[in-house]
Amino acid sequence: DHEWAAGHAPEAIHTPLSSLATAPLPTWSTRRVVVVCRSGNRSKQATDLLRHRGVEAISLTGGMMAWQQAGGAVVTTVGDVDRIA
């Protein structure tokens, strides 16, 4: 939750890592999914969990930090734009 609040892509959907192993999969799971966390480490774990459950998932190398450095748009839950807190 704190990483989501710190900064995410504008069209991203927040799904905590802890819910991916056993919770029912959301409707987005029928499409290819790009998994992102702040640095890229937890998103690799999430990608493995999703693939194990049959979801076509890839992890964004470098996470939101790399996304931001590449010029990707960033928003926070407090409305700040273009920075990761």
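Higher on the page you've got the structure.
Fair warning: this is a prediction, and the values are worked out from it, not measured in the lab.

Asker: Residues and numbers for the overall build of the protein chain, please.
Answerer: Check the secondary structure of the protein chain and you find three helices and two strands. Listed by position from the N terminus, the elements making up the protein chain come as α-β-α-β-α. Over its C-alpha atoms the protein chain spans a radius of gyration of 13 Å, differing by no more than 12% from the 12 Å that the globule rule assigns to 85 residues. Along the first, second and third principal axes, the C-alpha set of the protein chain runs to 35 × 20 × 20 Å.

Asker: Lay out the environment of Gly63 in plain terms, naming residues and giving numbers.
Answerer: Relative to the assigned elements, Gly63 resides in helix H3 (residues 63-69). For Gly63, a relative accessible area of 0% translates into the label buried. Setting aside anything within four residues of it in sequence, one finds Gly63 in contact with Val36, Cys37, Arg38, Ser39 and Gly40.

Asker: A description of the pattern of salt bridges should follow, citing residues and the corresponding values.
Answerer: A full pass over the atoms with the stated rule returns two salt bridges. Among the salt bridges present, the one from Arg42 reaches Glu3, with a minimum N-O distance of 2.0 Å. Residue Arg42 is located in helix H2 (residues 41-52), and its partner Glu3 is located in helix H1 (residues 2-6); the two are separated by 39 residues in the primary sequence. Note that Glu56 and Arg32 form a salt bridge whose closest N and O atoms lie 2.9 Å from each other. With Glu56 in the loop between H2 and strand E2 (57-59) and Arg32 in the loop between H1 and strand E1 (33-35), the pair connects residues that are 24 residues apart, well separated along the chain. For Glu56, a relative accessible area of 45% translates into the label partly exposed. On the basis of relative accessibility, which here comes to 59%, the residue Arg32 falls in the exposed class.

Conventions used here
Residues numbered from 1 in each chain as written. Predicted model: local features only at pLDDT ≥ 70, side-chain atom pairs only at ≥ 80, totals over all residues. Heavy atoms only, no water. Helix = DSSP H or I, 4+ residues; strand = E, 2+ residues; numbered from the N terminus. Rg over C-alpha atoms; globule rule 2.2 N^0.38 Å. Buried < 20%, exposed > 50% of the residue type's maximum accessible area, 1.4 Å probe, protein only. Contact = heavy atoms within 4.5 Å. Salt bridge = Lys/Arg side-chain N within 4 Å of Asp/Glu carboxyl O.

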